[in-house]
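# Structure at a glance
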Amino acid sequence: MNNYFLHVKNISKFFGRRLIFKDMTFEINNNGIIGISGDNGSGKSTLVKIIAGITSPSSGEIVHQDRGKEIIPEKLHNYIGFVSPYLVLYEEFSAYENLSFFSNIRGIKLNIERADFLLEKLLLFKRKDDLVKTYSSGMKQRLKFIFALIHNPSLIILDEPTSNLDSSGKDTVYQLVENESKSNIIIIASNEQSDLNLCQREIKLQDFKLS
Amino acid sequence: MNAKAYALYLKDFRSEIRTRYAVNSLAMFVIVATSVILFSIGNETITQSLTAGLFWVVIFFSAMSGLSRAFVSEEERGTSLTLQLIAAPSTIFSGKLLFNIVLVFCMNIVITLLYSALFDGFVIKNLALFIAAFFFGNAGLAIASTIIAAIISKAGAKGTLYPVLSFPILLPLILTSVQLTLMSFEGASFIEAKFELAIIICYDVIMLTASYLLFDFVWKD
């Protein structure tokens, strides 16, 4: 059971003078998969980055609550899992070293059972001790899912989650996403119809606002 | 400094061992700069004040060649976003600062040993004062270099901007450190050096406080 609540309040974003979107407001308080779609440049990635606390909005506010208590920005990273093509893991380390370092920096002990389960599920177990720089782009994308899920986040944000994945990789990811959506909130920002088919609710970005 | 910052330091340390991103450029700079100074001096005997000045010149430019790597390497490799997703800004700054402190101390111990061996004017008469100047000077250098590295890592012309931006910020620290080093060569007591020591300690405290306050804004887009 997830008790996570996300409230996006009147957020606007400008890059210089260019308006990306304006006065966007919505709430997510039930577990499940929510899609964010829109044309290229409509601000999908910017919106998910703002939700994840990586980018600041030009105006407006994002409220994250867990069990009725507001999460302070300093602690937000503990509740969020994030996957995107522009996320880069440390190539000079192996997959296992990456996961171990990330857990230590988060201040938690690496859950070896969960790491092994996810590595096995995403077909990386046999390559877990190889340096990430020797991975293909699809393998790196699969490793990003493990990075996003290893700490059991309540809000999982997937920006173009299936880019670089082959069809079997996509199926594995979809299965994983559906399982996680039973107990967590998942936001998918994508234009891929197969990604959006998983979503119970879709938010469309058009003409600088929600349509 | 907490366990999370220490974990980030360990990550950077392991990464540095594998990539030699900062150590190689630091080592090359120290060797080249010291050699150039030695060649240019030739058989001349230089004064103690000039030796103290040249000592900190090499330290300043070596720091400029290596200390920016803490943030620039993350930005260039695209891993800044990953860091943002796993740690609070204060943790990241603490971890990077710890890495730079270790790097700057190791680098400057090597420079001190080289100067002791190669320069006749490098004779320390008050070792305790020299250690105090060395400690507070290096701490200030590491703190200021870390926050400046964070600022310039988001900019375009990183290589040029770093020394340009660092110079006015580090100038009070370098001048005071040169003065304290010279006083240690002359055998001055702590009482005689209390004004310079107060300046350098205040500089470190102010820079550390300002860096922690500023880093949150620098780090986020």
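Because the structure is a prediction, the values reported are computed rather than measured. (Residues numbered from 1 in each chain as written. Chains lettered and ligands numbered in written order. Predicted model: local features only at pLDDT ≥ 70, side-chain atom pairs only at ≥ 80, totals over all residues. Heavy atoms only, no water.)

### With respect to unusual backbone geometry
Residue and element names in this part refer to chain A. Despite not being glycine, R67 shows a phi value in the positive range, around 50°. You can see R67 is positioned in the loop between β4 (59-66) and β5 (69-70). Phi at N152 takes a positive value of approximately 50°, unusual for a residue other than glycine. With respect to the secondary-structure elements, N152 resides in the loop between α4 (137-149) and β7 (155-159). The class of N152 is partly exposed, set by a relative accessible area of 48%. (Helix = DSSP H or I, 4+ residues; strand = E, 2+ residues; numbered from the N terminus. Buried < 20%, exposed > 50% of the residue type's maximum accessible area, 1.4 Å probe, protein only.)

### Section: the packing of aromatic side chains
Inspection of the entire model under this criterion finds 28 aromatic pairs over all chains. With centroids separated by 6.3 Å and ring planes inclined at 55°, the aromatic side chains of F82 of chain A and Y86 of chain A adopt a geometry described as tilted. Chaining the aromatic ring pairs together yields one cluster made of F55, W56, F105, Y115, F119, F122, F130, F134, F135, F136 and F185 of chain B. The ring of Y86 of chain A carries the charged tip of K49 of chain A above its face, separated from the ring centre by 4.7 Å. Of note, K154 of chain B hangs over the ring of W219 of chain B, and the distance from its end group to the ring centre comes to 5.0 Å. (Phe/Tyr/Trp six-rings, centres within 6.5 Å; stacked < 30°, edge-to-face > 60°. Lys NZ or Arg CZ within 6 Å of the ring centre and 35° of its normal.)

### Quick look at the pairing of strand β3 (residues 32-38) of chain A
Residues and elements named next belong to chain A. Along β3, seven of the seven residues are buried, which leaves the element largely enclosed by surrounding structure. In terms of strand pairing, β3 meets strand β8 (residues 185-189) through five bridges, oriented parallel. Looking at β8, one finds that G35 is bridged to I188. Sheet topology places β3 next to strand β9 (residues 201-206); five bridges connect them, and they run parallel. (Pairing = 2+ DSSP bridges.)

### What about the pairing of strand β6 (residues 80-83) of chain A?
One face of the sheet, then the other: side chains in a regular strand alternate in exactly this way. Residue and element names in this part refer to chain A. Here β6 shows a buried face lined by I80 and F82 and a second buried face lined by G81 and V83. Sheet analysis places β6 next to β7, joined by four bridges and oriented parallel. Paired with G81 across the bridge in β7 is I156.

### Observations concerning the interface of chain B and chain A
Between chain B and chain A, the residue contacts involve 25 residues of the former and 24 residues of the latter. In total, about 2400 Å² of surface goes out of reach between chain B and chain A, with carbon and sulfur atoms giving 62% of it. When the area that chain B buries against chain A is broken down by residue, the three leading residues are L81, L85 and I86 of chain B, summing to 28%. Run the count over chain B and chain A and you get three salt bridges. At the junction of chain B with chain A, the criterion picks out nine residue pairs in polar contact (both at pLDDT 80 or more). Listed by contribution, the elements that provide at least two residues to the side of chain B that touches chain A are α1 (3-19), α4 (69-77), α5 (80-86) and α6 (89-118) of chain B. Here the side of chain B that touches chain A takes nine residues from α1 of chain B, the largest share from any one element. Class assignment of the residues belonging to the side of chain B that touches chain A gives a composition of 10 nonpolar, seven polar and eight charged. (Contact = heavy atoms within 4.5 Å. Buried area = accessible area lost by both parts, 1.4 Å probe. Salt bridge = Lys/Arg side-chain N within 4 Å of Asp/Glu carboxyl O. Polar contact = N/O pair within 3.5 Å; in protein donor to acceptor, adjacent residues only side chain to side chain. Nonpolar A, V, L, I, M, F, W, Y, C, P; charged D, E, K, R; others polar.)

### Examining the sheet that holds β5 of chain A
Residue and element names in this part refer to chain A. Taken in spatial order, the four strands make up an open sheet running β2-β1-β4-β5, and their pairing is antiparallel. Here the strands that pair on one side only, and so sit at the sheet edges, are β2 (18-28) and β5. Judged from the two bridges that link them, β4 and β5 form a sheet pairing that is antiparallel. Looking across to β5, one finds that D66 is bridged to K69.

### Looking at helix α2 (residues 23-41) of chain B
Residue and element names in this part refer to chain B. The terminal C-alpha atoms of α2, which comprises 19 residues, lie 27 Å apart, in line with the 27 Å expected from a rise of 1.5 Å per residue. Regarding α2, the residues found buried are L26, V30, A33, T34, I37 and I41. Along the long axis of α2, the arc covered by the buried residues comes to 95°, so they all point the same way. Of the residues in α2, the exposed ones pointing more than 90 degrees away from the buried face are M28, F39 and S40. In the core, the buried residues of α2 are packed alongside α3 (48-66) and α6. Directly after α2, the chain includes G42, whose backbone phi takes a positive value near 65°. (Expected span 1.5 Å × (residues − 1). Arc of directions from axis to C-beta.)

### Points about the environment of E27 of chain A
Of note, E27 of chain A is situated in strand β2. In sequence terms E27 of chain A and N98 of chain A are 71 residues apart; their C-alpha atoms lie 34 Å from each other.

### Concerning the nonpolar core
Counting 142 residues, the largest nonpolar core has L47, I51 and I187 of chain A together with Y115 and L170 of chain B as its most contacted members. Here the element with the most residues in this core is helix α7 (residues 127-152) of chain B; it accounts for 14 residues. If near-sequence neighbours (up to four positions away) are discounted, L47 of chain A is found in contact with I11, F21, M24, F26, I36 and L205 of chain A. (Core = buried A, V, L, I, M, F, W, Y, C linked by side-chain atoms within 4.5 Å.)

Just distances and angles here, no functional claims.
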